[in-house]
Amino acid sequence: MAPQREWFEKDYYKVLGVVATATDKEITRAYRKLAKQYHPDANPGSEERFKEISAAYDVLGDAEKRKEYDEVRKQGPIPGGFGAGAPGGGTFRMEDMGNLGDLFGGLFGNRGRPTTTTRGPARGADMEAALHLSFSDAVHGVTTSVNVPEDVRCSNCRGTGAAPGTATHACPRCGGTGTLNDDQGLFSLSTVCPDCVGRGTLFDTPCPVCQGSGTERKVRSVKVRIPSGVEDGQRIRVKGRGAPGQGMAPPGDLYVVVHVGKHPMFGRNGRNLTMTVPVTFPEAALGTTITVPTLDSKVTLKVPPGTASGTVMRVRGRGVPAGTGRNAGKPGDLLVKVEVIVPTELTDDQRAAVESLAAVTDDAPRAAVEG
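Attention in this report is confined to the structure presented alongside it. The written sequence of each chain sets the order in which its residues are numbered from 1. Given that this is a predicted model, residues contribute local features only at a pLDDT of at least 70 and side-chain atom pairs are listed and counted only at 80 or more, while totals for whole chains, interfaces and linings are drawn from all residues. No hydrogens and no water enter the side-chain calculation; it runs on all heavy atoms of the structure.

## Quick word on helix H3 (residues 24-38)
What counts is decided by this rule: Every helix listed is a DSSP run of H or I at least four residues long, and every strand listed is a run of E at least two residues long, numbered separately from the N terminus. The span one expects for a helix is its residue count, reduced by one, times 1.5 Å. Remark: exposure states derive from per-residue accessible area (1.4 Å probe, protein chains only) relative to the maximum for the residue type, with buried under 20%, exposed over 50%, and partly exposed in between. This arc is built from the directions going out from the helix axis to the C-beta atoms.
With 15 residues, H3 extends 21 Å from end C-alpha to end C-alpha; this agrees with the ideal 21 Å at 1.5 Å per step. All of the buried residues along H3 are Ile 27, Thr 28, Ala 30, Tyr 31, Leu 34 and Ala 35. On an axial view of H3, the arc spanned by its buried residues comes to 165 degrees, and they lie on one face. When the buried face of H3 is taken as reference, the exposed residues oriented beyond 90 degrees from it are Lys 25, Arg 29, Lys 33 and Lys 36.

## Details of the pattern of salt bridges
Stated precisely, the cut-off is as follows: Whenever Lys or Arg places a side-chain nitrogen within 4 Å of a carboxyl oxygen from Asp or Glu, that contact is recorded as a salt bridge.
Counted under the stated rule, the structure contains 12 salt bridges. As a salt-bridge pair, Lys 218 and Glu 216 come within 3.8 Å of each other at their nearest N and O atoms. Salt-bridge contacts for Asp 296 lead to Arg 318; the nearest nitrogen and oxygen are separated by 3.5 Å. Here Asp 296, found in the loop between strand S13 (288-293) and strand S14 (298-303), pairs with Arg 318, found in the loop between strand S15 (312-315) and strand S16 (334-341); they are 22 residues apart in sequence, far enough to count as distant. One salt-bridge network, held together by shared partners, links Lys 10, Arg 49 and Glu 52.

## Here we look at unusual backbone geometry
Despite not being glycine, Gln 211 shows a phi value in the positive range, around 60 degrees. Looking at the element boundaries, Gln 211 is found in the loop between strand S7 (201-203) and strand S8 (215-226).

## A look at the pairing of S16
Definition in use: Two strands form a pair only when DSSP identifies at least two bridges running between them.
Across eight bridges, strand S12 (residues 272-280) lies against S16 in parallel orientation. Following the sheet pairing, Pro 278 is matched in S16 by Glu 339. Alignment of S15 against S16, held across four bridges, turns out to be antiparallel. Bridging across to S16, Met 313 finds its partner in Val 336.

## A closer look at the state of the cysteines
We count it as follows: In plain terms, two cysteine sulfur atoms within 2.5 Å form what is called a disulfide here.
Inspection of every chain in the model, using the stated rule, returns zero disulfides. The closest cysteine sulfur to the non-disulfide-bonded Cys 154 is located on Cys 157, 3.7 Å from its own sulfur. Note on Cys 207: no disulfide assigned, nearest cysteine sulfur contributed by Cys 154 at a separation of 3.8 Å. Taking relative accessible area as the criterion, Cys 207 reaches 1% and is therefore assigned buried.

Here it is in structure tokens:
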């Protein structure tokens, strides 16, 4: 991944609200919290903030990109400076530099030697699409599709911009290279030729479908394989299915943001399933056996005598399976929380029984509080 100009303008750690030494887990946790808070579906009008958060996580959530980002940020201002006093005159603009990968690759690996940067047709932008899944589909995994409205490579001219069957010729301004060089002394900066838009060729007859732009507006369906155990707010990368590149450049990637619906009975805590099961006071006091559901069957649990309300019992291996990573296929646990139900109304027989219990109870649970 080549450094981008935005890396000099944006503090991605600040965008996600984490320190530069944050762990991968802390960065992911911060992203998911912010993505959920500012997603346009839940918070209309927050599209720009959501894009900013996604862009920050796209870099910091990738170990290789984060390493490059940190390296670039350490360099500080570019040697020699830019601006009104820069070699070649004029005012320097970050957008004129475009992709700085070759430039800083030269700074890091070829110190002391003049460096030439080449900026050809730009790779397509990464895109993002939301996908809403049921609790069950998120747990078990599913292959589905998302609809992505975008400008795609023209199907008539295949992105060339020229009408099929017509002649093309080399661009006279750039000599067919697609770039214009600007000698800046230590650096020779290259920008996309505005006449041919980086293609290197011109045409006399534009494509009648795209009017020479090389793209057309369509809604396409992209198949996505969602692994088992995906969590709410998680981003799934679909390589090469983003926006088309400029001219014949490669496309970007598509990031699918998963939104998981609620289950009427189960909750989730990572790979663990959670649920609450009510028991009566006699069952909690005397002990009992209960039957609880899991994702695929039922299990029997023994509630020991004297179980307090809020006690959590663990059923190993009955949670959510991990779809990727070191623990792929290994399920979490089912955590069953016991809730002792206190009746709000008593029959005469029940009241008499409770009063009899109270009469023979010598415990003083508030002794330390009451002194």
